[in-house]
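In case you want the letters, here they are:
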Amino acid sequence: MDTLSYKTVSANRKTVDKQWVLVDAEGETLGRMASKVAKMLRGKHKPNFTPHVDCGDNVIVINSEKVTMTGNKWEDKVYQRYTGYPGGQRSKSAKEVLAKHPERIVEKAIKGMLPKNKLGAELFRNLKVVVGSEHNHEAQKPTLINLKEFK
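Notes on the structure in this doc start here. (Residues numbered from 1 in each chain as written. Predicted model: local features only at pLDDT ≥ 70, side-chain atom pairs only at ≥ 80, totals over all residues. Heavy atoms only, no water.)

**Let's talk about the pairing of strand β4 (residues 89–93)**
- Taken together, the five bridges between strand β3 (residues 78–82) and β4 define a ladder with antiparallel strand orientation. Bridge assignment links Y79 to a residue of β4, and that residue is K92. (Pairing = 2+ DSSP bridges. Helix = DSSP H or I, 4+ residues; strand = E, 2+ residues; numbered from the N terminus.)

**Observations regarding the environment of K77**
- Turning to its location among the elements, K77 is positioned in the loop between α2 (73–76) and β3.
- Expressed as a C-alpha distance, the spacing of K77 and S93, which sit 16 residues apart in the sequence, is 5.7 Å.
- Sequence-distant contacts of K77, that is, excluding residues within four places in its chain, are made with M69, K92, S93 and A94. (Contact = heavy atoms within 4.5 Å.)

**Regarding the nonpolar core**
- If you look at the biggest cluster of nonpolar residues, it comprises 29 residues, and the most contacted ones within it are L30, M33, V37 and V61.
- Mapped onto this core, the elements with two or more residues apiece are β1 (20–24), α1 (30–42), β2 (58–62), α3 (94–100), α4 (102–111), α5 (118–124) and β5 (127–129).
- A per-element tally of this core places α1 first, with seven residues.
- Those residues in contact with M33 that sit more than four places away from it in its chain are A25, E28, V61, V67, V106 and L147. (Core = buried A, V, L, I, M, F, W, Y, C linked by side-chain atoms within 4.5 Å. Buried < 20%, exposed > 50% of the residue type's maximum accessible area, 1.4 Å probe, protein only.)

**Topic: α4**
- Regarding α4, the residues found buried are P102, I105, V106, A109 and I110. Summarising the axial view, the buried residues of α4 lie within an arc of 120°, below the 170-degree limit, and thus occupy one face.
- Contacts made by the buried residues of α4 are with α1, β2, α2, β3, α3 and β5. (Arc of directions from axis to C-beta.)

**A look at the environment of R42**
- Tracing the chain through its elements places R42 in helix α1.
- Under the relative-accessibility criterion, R42 is labelled buried at 18%.
- As a C-alpha pair, R42 and I62 span 20 residues in sequence and 19 Å in three-dimensional space.
- Non-local contacts of R42, meaning those with residues more than four positions away in its chain, are made with F49, P51, C55, G56, P115, L119 and L123.
- In terms of polar contacts, R42 uses its side chain to reach the backbone carbonyl oxygen of P51, at 3.2 Å. (Polar contact = N/O pair within 3.5 Å; in protein donor to acceptor, adjacent residues only side chain to side chain.)

**Considering the packing of α1 against α4**
- Between α1 and α4, the least distance of the axes is 8 Å, while the angle of their chain directions is 60°. Classified by the angle between their axes, α1 and α4 sit oblique to one another. Here α1 runs over α4; the crossing is right-handed. Contacts between α1 and α4 pair L30, M33, A34, V37, A38 and L41 from the former with I105, V106, A109 and I110 from the latter.
- The class makeup of the residues in the contact of α1 with α4 is ten nonpolar, no polar and no charged. (Axes fitted to C-alpha atoms, helices over the stretch in contact; angles between N-to-C directions. Parallel < 35°, antiparallel > 145°, perpendicular 65-115°, else oblique. Left-handed = near helix turned anticlockwise from the far one by under 90°. Nonpolar A, V, L, I, M, F, W, Y, C, P; charged D, E, K, R; others polar.)

Next up, the structure:
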């Protein structure tokens, strides 16, 4: 019996197989979609997942302005930021953010589900969020993923 075949394989930067994935956010609930995209960015859906390595896919999210939220979250959910000056805390509702920068709602939801360290910042760079259905990454030939079937 060959015992070498039972060794745990640990992925590294050279052995990782990164794909380009296209996700359509139209009609998707924000948090459910964001958790699935974060799982793809992290690489947790792959059998060779390694926690300290960027083994996830590059994800393109299209139609970010057509994402949905349940309940009264469009009015009640508040996005806060700080300018850096005294008294500089600013806040906007989800509806106000959607009107001006629809991609930021999706980006913030996904970023909050990634690790809060250097690896999380590196993983976030693999995410491209686009308003509308046109994106400029056709050269990478991304495969369309149906989130309803993705676990």
